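A look at the structure
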Amino acid sequence: MKWRSGKEPRPSPSIMPVEIIISDTPEAMADRVAEDFATLVNTTLASQDKFSIALAGGLTPKQFYARLSKEPYQSSVPWSKLWLFWGDERCVPKEHPDSNFGMAAQVLLPFVPVPPAHVMRMRGEDPPPQAAQDYEKDMRLFFRDSGFWPHFDLILLGLGPDGHTASLIPGTPAVSNHVAEEIGEDRRQSDTGEPPAPRWVVHNVVRSLQTVRLTVTYPVLNQAKNIWFLVTGAKKAEAFAEVQKGPNPSWPASLIQPVEGELRWYVDKAVVQ
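In short, a report on the structure. (Residues numbered from 1 in each chain as written. Predicted model: local features only at pLDDT ≥ 70, side-chain atom pairs only at ≥ 80, totals over all residues. Heavy atoms only, no water.)

**Observations concerning the overall build of the protein**
- When helices and strands are counted, the protein shows nine helices and 11 strands.
- For the protein, buried positions account for 51% of its 273 residues.
- In the protein, once contacts between residues fewer than 6 apart in sequence are set aside, the share between residues at least 24 apart is 79%.
- Summing over all exposed atoms, the protein offers an accessible surface of approximately 12,700 Å²; the carbon and sulfur share of this is 53%. (Helix = DSSP H or I, 4+ residues; strand = E, 2+ residues; numbered from the N terminus. Buried < 20%, exposed > 50% of the residue type's maximum accessible area, 1.4 Å probe, protein only. Contact = heavy atoms within 4.5 Å. Areas by Shrake-Rupley, 256 points an atom, 1.4 Å probe, with all protein chains shown as cover.)

**Observations regarding unusual backbone geometry**
- Between glutamate 71 and proline 72 the backbone carries a cis peptide bond, its omega angle lying at 10 degrees.
- Relative to the elements of secondary structure, proline 72 occurs in the loop between helix H2 (59-68) and helix H3 (73-76).
- With phi around 50 degrees, alanine 166 is a residue other than glycine that occupies positive phi space.
- Along the chain, the position of alanine 166 falls in the loop between strand E7 (154-157) and helix H6 (173-182).
- Located in the positive-phi region is glutamine 210, a residue other than glycine, with phi close to 55 degrees.

**Observations regarding the packing of aromatic side chains**
- A full pass over the atoms with the stated rule returns 16 aromatic pairs.
- Seen from their ring centres, phenylalanine 37 and phenylalanine 51 are 6.2 Å apart, and the 90 degrees between their planes marks the pair as edge-to-face. Of this pair, phenylalanine 37 sits in helix H1 (residues 26-44) while phenylalanine 51 is found in strand E4 (residues 51-55), placing the two residues 14 residues apart along the sequence.
- Pairwise contacts between aromatic rings join Trp83, Phe85, Tyr135, Phe142, Phe143 and Phe152 into one cluster.
- Between the NZ or CZ atom of arginine 121 and the centre of the ring of phenylalanine 101, over which it lies, the distance is 5.6 Å.
- The lysine or arginine in question, arginine 140, covers the ring of tryptophan 200, its NZ or CZ lying 4.1 Å from the ring centre. (Phe/Tyr/Trp six-rings, centres within 6.5 Å; stacked < 30°, edge-to-face > 60°. Lys NZ or Arg CZ within 6 Å of the ring centre and 35° of its normal.)

**Quick word on the sheet that holds strand E6 (residues 88-90)**
- If you trace the three strands from one edge of the open sheet to the other, you get E6-E9-E8, paired in antiparallel fashion. What marks the edges here is a single partner per strand, and that holds for E6 and strand E8 (201-206). Taking each pair of neighbouring strands and ignoring which way they run, the sheet shows an average axis angle of 25 degrees.
- Inspection of the sheet shows E6 paired to strand E9 (residues 211-216) by three bridges, in the antiparallel sense. The partner of aspartate 88 across the bridge, within E9, is threonine 215. (Pairing = 2+ DSSP bridges. Axes fitted to C-alpha atoms, helices over the stretch in contact; angles between N-to-C directions.)

**Regarding a nonpolar patch on the surface**
- A cluster of nonpolar side chains, contributed by Val18, Ile20, Ile22 and Val272, occupies part of the molecular surface with about 310 Å² of accessible area.
- With respect to the helices and strands, the residue valine 272 is situated in helix H9 (residues 269-272).
- Classification of valine 272 by relative accessible area gives partly exposed; the value is 37%. (Patch = residues over 30% accessible without salt bridge, like charges linked within 9 Å, V, L, I, M, F, W, Y side chains within 5 Å. Salt bridge = Lys/Arg side-chain N within 4 Å of Asp/Glu carboxyl O.)

**Examining the pairing of strand E10 (residues 226-231)**
- Taking burial as the measure, the six residues of E10 include six buried ones, the bulk of the element.
- Residue alternation in E10 divides its side chains into two sets, Asn226, Trp228 and Leu230 and Ile227, Phe229 and Val231, and both sets are buried.
- Two elements, E7 and E10, share three bridges in a ladder whose sense is parallel. Note on E10: the bridge partner recorded for leucine 157 is phenylalanine 229.
- Direction of pairing for E10 relative to strand E11 (residues 262-268): parallel, over a ladder of six bridges. Across the sheet, the residue bridging to phenylalanine 229 is tryptophan 265, located in E11.
- Each parallel crossover has a hand, and the one from E10 via helix H8 (residues 237-243) to E11 is right-handed. (Right-handed = clockwise from strand over helix to strand, strands pointing away.)

Function-wise, these values are silent; they only describe arrangement.
Set out below in structure tokens:
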């Protein structure tokens, strides 16, 4: 199936092998993810000079970040070569307790030597449409040599009980527009008569929560070289099981289908029992 975006086709995601790594507890899972993260970063940097990662919000990633903030990872990870982005953000100031950036700024950033210029946060305090456009500009500048789509070295994702990931929430435009494009129903034209340029970042209206979120789009996620879901707790068990059945817009995380990258799920036993 062809994907239409801009002047180039959007490659259809292929069904790639999925790896599921089960840990006994959330703490054990955080340890395992930290260990694998250090290995991936160092292996990747053996052949390139930058490592790009999109961070996730939520309690499970928070445990992972807290683990990274301690030894041996403070020293064994070459933090000066990392560039930190975010996959989504709440439309709140960075000091707000709901801010995804704010969480990382509390548990990770003060404890690891990432250069401030390498921390690319979404400006949740700005008007959402402008914040999305500005963040996309930042991403396009960083990935200017990547071709039509960015290729993150690693994207971290969580999973909500409703099957959402990033801020791709059931019934929202960022999900429904993606599905419409996939089945060839999005026939909008730009002022020049050409199909609109593909969006990397959008503001997503979440009517069920009466809010707006900033989120990267599915093509950006699916073009990543590595996608890691971090999921813990029995409340996520149903969503996890449904997502494993295959693509279904009712469970937005199921639409994460890497084009060429590796998809990995880190879960604790409560998720799979």
